[in-house]
Amino acid sequence: MAGDKYDHEIGERLRRARVAAGLSQSSLAKEVGVSFQQVQKYEAGANRISSGRLYNFARVLGVGMDYFFNGLEALDSRPARDHGEGQRAISDRTIRVAQTLNDMPDEKLRLHLEQLISVMARHQKKSG
């Protein structure tokens, strides 16, 4: 069964939470008792995730169930988009960098790094 826009969004949220938790698809699959191929299908939005399975994912990933559902109503006002592999809004690398920044205990250093990244991005856009 092909998933709808909600299945795609929930799958994308599952992927972001998994990457932020530092887990591979295989390790997450093992924790919840499914194959890593099934996790791939869930993350792609190709298969729907049952409520019980979604609860297990949330528990393993340390997120609340609301993480998967908050803001889904905004999808009703957005046009459908291509959910191909190359269309990810946030890359795995970006999630890992954000998680690393978030884990830094020195608030001042974290702020300086965020500002540096912002300046570099603006500079690259100008010269790009």
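It should be emphasised that the depicted structure is a prediction, and the values quoted were computed from it without experimental measurement.

Moving on to the overall build of the chain. Within the chain, the regular secondary structure consists of seven helices and zero strands. Reading the chain from its N end, one meets helices and strands in the order α-α-α-α-α-α-α. Expressed as a percentage of the 128 residues in the chain, the buried residues total 27%. Taking all contacts inside the chain whose residues are at least 6 apart in sequence as the whole, residues at least 24 apart take part in 65%. Within the structure as shown, the chain displays about 8,500 Å² of accessible surface, and the carbon and sulfur contribution to it stands at 54%.

Of all residues in the chain, 88% have pLDDT values of 70 or greater, and the mean over the chain is 85. Mean pLDDT in the chain bottoms out at helix α6 (residues 92-103), which sits at 79, and peaks at helix α4 (residues 51-61), which reaches 97. pLDDT under 50 marks residues 82-87. Its contacts with residues more than four places away, or in other chains, come to two contacts.

By size, the foremost hydrophobic cluster in this structure holds 17 residues, and its most contacted members are Leu14, Ile49 and Phe57. Counting only elements with at least two residues in this core, the list comes to α1 (5-20), α2 (25-32), α3 (36-44) and α4. Broken down by element, the residue count for this core peaks at four residues, all from α4. The residues contacting Phe57, other than those within four sequence positions of it, are Leu14, Leu28, Val32, Val39, Tyr42 and Ile49.

Mapped onto the secondary structure, Leu14 falls in helix α1. Relative accessible area serves as the criterion here: at 0%, Leu14 is assigned to the buried category. Once the C-alpha coordinates of Leu14 and Leu61 are considered, the two residues, 47 residues apart in sequence, prove to be 8.7 Å apart. Not counting chain neighbours up to four residues away, the residues in contact with Leu14 comprise Leu28, Tyr42, Glu43, Ile49, Phe57, Leu61 and Phe68.

Right, let's get into α2. Those residues of α2 that sit buried are Gln25, Leu28, Ala29 and Val32. Projected down its long axis, α2 shows its buried positions confined to an angular sector of 100 degrees, all on one face. Those residues of α2 that are exposed and angled more than 90 degrees off the buried face are Lys30 and Glu31. Against the buried residues of α2 lie α1, α3 and α4. Of the residues trailing α2, Gly33 is marked for its positive phi of about 80 degrees.

Below, the discussion takes up the packing of α2 against α3. Across the interface, α2 lies against α3 with an axial gap of 8 Å and an inter-helix angle of 105 degrees. The angle between α2 and α3 places the two elements in the roughly perpendicular class. Of the residues in α3, those touching α2 at Gln25, Ser26, Leu28 and Ala29 are Phe36, Val39, Gln40 and Glu43. Taken together, the residues of the contact of α2 with α3 sort by class into four nonpolar, three polar and one charged.

Right, let's talk about the packing of aromatic side chains for a bit. Scanning all chains against the criterion turns up two aromatic pairs. For the pair Tyr42 and Phe57, a centre-to-centre distance of 5.8 Å together with 80 degrees between the ring planes defines the contact as edge-to-face. Of this pair, Tyr42 sits in helix α3 while Phe57 sits in helix α4, placing them 15 residues apart in sequence. With a centroid separation of 5.1 Å and 80 degrees between ring planes, the pair formed by Tyr67 and Phe68 is classed as edge-to-face. Its relative accessible area of 27% is what places Tyr67 among the partly exposed residues. On the basis of relative accessible area, Phe68 is assigned to the buried category, the value being 0%.

Parameters and conventions
- Residues numbered from 1 in each chain as written.
- Predicted model: local features only at pLDDT ≥ 70, side-chain atom pairs only at ≥ 80, totals over all residues.
- Heavy atoms only, no water.
- Helix = DSSP H or I, 4+ residues; strand = E, 2+ residues; numbered from the N terminus.
- Buried < 20%, exposed > 50% of the residue type's maximum accessible area, 1.4 Å probe, protein only.
- Contact = heavy atoms within 4.5 Å.
- Areas by Shrake-Rupley, 256 points an atom, 1.4 Å probe, with all protein chains shown as cover.
- pLDDT = per-residue confidence, 0-100.
- Core = buried A, V, L, I, M, F, W, Y, C linked by side-chain atoms within 4.5 Å.
- Arc of directions from axis to C-beta.
- Axes fitted to C-alpha atoms, helices over the stretch in contact; angles between N-to-C directions.
- Parallel < 35°, antiparallel > 145°, perpendicular 65-115°, else oblique.
- Nonpolar A, V, L, I, M, F, W, Y, C, P; charged D, E, K, R; others polar.
- Phe/Tyr/Trp six-rings, centres within 6.5 Å; stacked < 30°, edge-to-face > 60°.

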